[in-house]
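# Understanding the architecture of this molecule
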Amino acid sequence: RDASLREVCVSDNLLNRGLTFGPVARQQVRWLHEHLETTDQGEKGPLRLLSYPLVKNGSLLGVVQVGQELGPLQQTIEELRLIYLVVGPFAIFWLCLGCWLLAERTIAPIIEVTEAAQGITADNLSRRLPLGSHQDELSQMVTCLNQMLDRLEKSFRRVRQFSGDASHELRTPLTILRGETEVTMRWAKDPEEFRDMLRSNMEEIDRMERIIESLLTLAKSEVGELTLEMKELSLSDLVQELYLQSRILCETKNIEILLLLEVEEEVRIRGDELRLRQMFLNIISNSIKYTPDNGRMTITLAMADGSARVEIRDTGIGIPAEHLPHIFDRFYRVDKARNRMDGGTGLGLAIVKWIAEAHGGGITVTSEVGKGSCFSVHLPIDGPEEGKHPKTTILD
């Protein structure tokens, strides 16, 4: 079209038809704006029409109109709509079925694990969650949960064992007290017999007091209420004092005691002197108790890798190899009859282990039956790290 919007020329495919040029399109073109619209051609169907102004120096020179019949496109859309209407429901059905089967396969192991977990109580901690054959995230989670159940089972077992041992240890002196009191009340006739009964009762009361005191010590350490008074001290002086005290304790059994200071200067460490003294005296008293007359005991102080090492070696009866892993357990006895007769509570070495670990160190033992034992305590010079004092656990 020219500037007057009259047709100037057309393409051959229009034949005798022209393109619609309505008032809205005319107005937009005069304003030098292109105009896009869809018009109805009757039997020919809709037509998508673009009217584009030709502009030069701000003046309208003419208009180019381009049309695109939408009939073939509409036909394609209708065919697609028909295909979707016919095929769609079947596709949706098979898709839903596939999703249901996939969900069933995916969720079934989770449901199985959940049902198994709901069936686990304190009475059947030996049960484990089913572990699938596939190595996926669910299998890793089940493995972690089974490991947690292993730890819980061990903890519950130790709690039950601890409760049973503690009850047994306290029941024994109570039974003795009751029996001796009943016998004395029935048969004793003179004051001396009553005094003997009271003396025996006092021994059992002392034994119960030691058990309760040891349990209280371990319980306080368990919850962190038993604090250590850390300060710098001379381990060399402490070991020499223990050596002098041990000489007195060894006189009754004529045990030879030696002190070996394998250090070139005074050894000073950070620690709780009272607890360290308690730890070493406990080991020394055990060595004296289980060393025959005319035996020998050696106390050694040395340095190794920035830590002080105190060894207490004896020529006692020794500890069988199968008992060594358990001697630091609560109430564990190598020879229960002999230890109970000697008045031991079975808690001394457990406290020894706690004191060593609370100082950031540790304790090891080697022994040979008939030749003696060696307890070796390692203590870091600087003591435990601040805020990282190890706490014992009543379950260990």
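Structure first, text after, so check above.
Sequence order as written defines residue numbering, which begins from 1 separately in each chain. With pLDDT at 70 or above as the cut-off, local features in this predicted model cover only qualifying residues; side-chain atom pairs require 80 or more to be listed or tallied, and sums for whole chains, interfaces and linings still use all residues. To get the side-chain values, take all heavy atoms of the structure and skip hydrogens and water.

It is worth spelling out the overall build of the protein chain at this point. The number of helices and strands found in the protein chain is eight helices and ten strands. Expressed as a percentage of its 396 residues, the buried residues of the protein chain come to 35%. Contacts are residue-level and defined by heavy atoms, with any inter-residue pair within 4.5 Å sufficient. Across the protein chain, the fraction of contacts at a sequence separation of at least 24, relative to all contacts at a separation of at least 6, is 64%. Per element, the accessible surface of the protein chain, about 25100 Å² overall, is 56% carbon and sulfur. Secondary structure elements follow DSSP: runs of H or I no shorter than four residues count as helices, runs of E no shorter than two count as strands, and numbering proceeds from the N terminus. The cut-offs for exposure are 20% and 50% of the maximum accessible area for each residue type, with area from a 1.4 Å probe on protein chains only; residues under the lower value are buried, those over the upper are exposed, and the others partly exposed. With residues, only the protein chains shown are counted as cover, and all accessible areas are computed by Shrake-Rupley using a 1.4 Å probe.

A few words now on the pattern of salt bridges. The term salt bridge refers to a side-chain nitrogen of Lys or Arg lying within 4 Å of a carboxyl oxygen of Asp or Glu. Under the defined criterion, the tally for this structure stands at twelve salt bridges. A salt bridge links Arg81 to Glu78; the shortest N-O distance between them is 2.6 Å. You can see Arg81 and its partner Glu78 sitting in helix α2 (residues 71–118), three residues apart, about one turn around the helix. For Glu78, a relative accessible area of 42% translates into the label partly exposed. In this structure, Glu273 and Arg277 form a salt bridge, with 3.5 Å as the shortest nitrogen-oxygen distance. With Glu273 and Arg277 both in helix α6 (residues 273–289), this residue pair falls four residues apart, about one helical turn.

Attention shifts here to unusual backbone geometry. Even without being glycine, Leu5 reaches a positive phi, approximately 70°. Assignment of secondary structure puts Leu5 in the segment before α1 (23–30).

Residues form patches when they are more than 30% accessible in relative terms and have no salt bridge. Like charges link within 9 Å. Nonpolar side chains (Val, Leu, Ile, Met, Phe, Trp, Tyr) link within 5 Å. For the charge count, each Lys or Arg is scored as positive and each Asp or Glu as negative, with His and the chain ends excluded. Charge placement uses NZ in Lys and CZ in Arg. For Asp and Glu, CG and CD serve respectively. A cluster of acidic residues, Glu203, Asp206, Glu209 and Glu213, forms a negative patch at the surface. On the basis of relative accessible area, Asp206 is assigned to the partly exposed category, the value being 33%.

This paragraph deals with α2. Any helix carries an expected span of 1.5 Å times its number of residues minus one. In this model α2 runs 66 Å from its N-terminal to its C-terminal C-alpha over 48 residues, within 8% of the 70 Å that 1.5 Å per residue would give. In this scheme, the bend at a residue equals the angle between the axes fitted to the seven residues that finish there and the seven that begin there. Maximal helix bending in α2 amounts to about 40°, located at Val87; proline Pro89 follows within four positions.

The next thing to look at is the packing of aromatic side chains. For any pair of aromatic rings, geometry is given as the distance between the ring centres together with the angle between the planes. The pairing test for Phe, Tyr and Trp rings, Trp by its six-membered ring, is centres within 6.5 Å, and the orientation test on the planes gives stacked under 30 degrees, edge-to-face over 60, and tilted for anything in between. Summed over the entire model, instances satisfying the criterion amount to one aromatic pair. For the pair Phe93 and Trp94, a centre-to-centre distance of 5.3 Å together with 70° between the ring planes defines the contact as edge-to-face. Since its relative accessible area comes to 49%, Phe93 is described here as partly exposed. For Trp94, a relative accessible area of 56% gives the class exposed.

Now for the nonpolar core. Ranked by internal contacts, the top residues of the largest apolar core, which has 41 residues, are Leu235, Leu276, Met279, Phe280 and Phe375. Looking at this core, the elements that each hand over two or more residues are α5 (235–250), α6, β7 (296–304), β8 (307–314), α8 (348–358), β9 (362–368) and β10 (372–380). Of the residues forming this core, the biggest block, seven residues, is contributed by α8. Not counting residues up to four positions away in its chain, the partners in contact with Phe375 are Ile283, Val310, Glu311, Ile312, Ile319, Ile327, Phe328, Leu349, Ile363, Thr364 and Val365. The nonpolar core is taken to be a set of buried Ala, Val, Leu, Ile, Met, Phe, Trp, Tyr and Cys residues, with the residues joined through side-chain atoms within 4.5 Å. Core analysis: the second largest hydrophobic core is formed by seven residues, Ala116, Ile120, Leu129 and Val142 among them.

Take a nonpolar patch on the surface next. A cluster of nonpolar side chains, Leu80, Leu82, Ile83, Tyr84, Leu85, Val86 and Val87, forms an exposed patch at the surface whose accessible area comes to about 710 Å². Note on placement: Leu82 falls in helix α2. Assessed through its relative accessible area of 54%, Leu82 is described here as exposed.

With that settled, the discussion passes to the sheet that holds strand β1 (residues 35–40). Sheet architecture is open: three strands sit in the order β1-β2-β3, paired in antiparallel fashion. Where the open sheet ends on each side, the last strands, each with one partner, are β1 and β3 (59–69). Across the sheet, the mean angle separating the axes of adjacent strands is 25° when strand polarity is ignored. Across six bridges, β1 lies against strand β2 (residues 46–56) in antiparallel orientation. By the bridge assignment, Glu37 is partnered in β2 with Leu49. Contacting β1, β2 and β3, α1 runs over the sheet at an angle of about 165° to β1. One bridge is not enough; two strands pair if DSSP finds at least two bridges between them. Axis definition: a line fitted to C-alpha atoms, limited for helices to the stretch in contact. Angles are taken between N-to-C directions and run from 0 to 180 degrees.

Where α6 contacts α8, the axes come no closer than 9 Å and their chain directions differ by 140°. When the axes of α6 and α8 are compared, the pair comes out oblique. Of the two possible hands of crossing, α6 and α8 adopt the one that is left-handed. Taking contact as the criterion, the partners of Arg275, Leu276, Gln278, Met279, Asn282, Ile283 and Asn286 in α6 are, on α8, Gly348, Leu349, Ile351, Val352, Trp354, Ile355 and Ala356. Should an angle fall under 35 degrees it is taken as roughly parallel, and over 145 as roughly antiparallel, whereas 65 to 115 is taken as roughly perpendicular and any remaining angle as oblique. Less than a right angle of anticlockwise turn of the near helix away from the far helix marks a crossing as left-handed, whereas a clockwise turn marks it as right-handed.

Okay, the sheet that holds strand β5 (residues 256–262) next. Pairing is mixed across the open sheet formed by five strands, whose spatial order is β5-β7-β8-β10-β9. Since the sheet does not close on itself, it has two edges, and those belong to β5 and β9, each with one partner. In this sheet, adjacent strand axes meet at a mean angle of 15° when their direction is disregarded. Bridge analysis of β9 against β10 gives seven bridges, and the strand direction is antiparallel. For Gly362, the partnering residue across the bridge sits in β10 and is His378.

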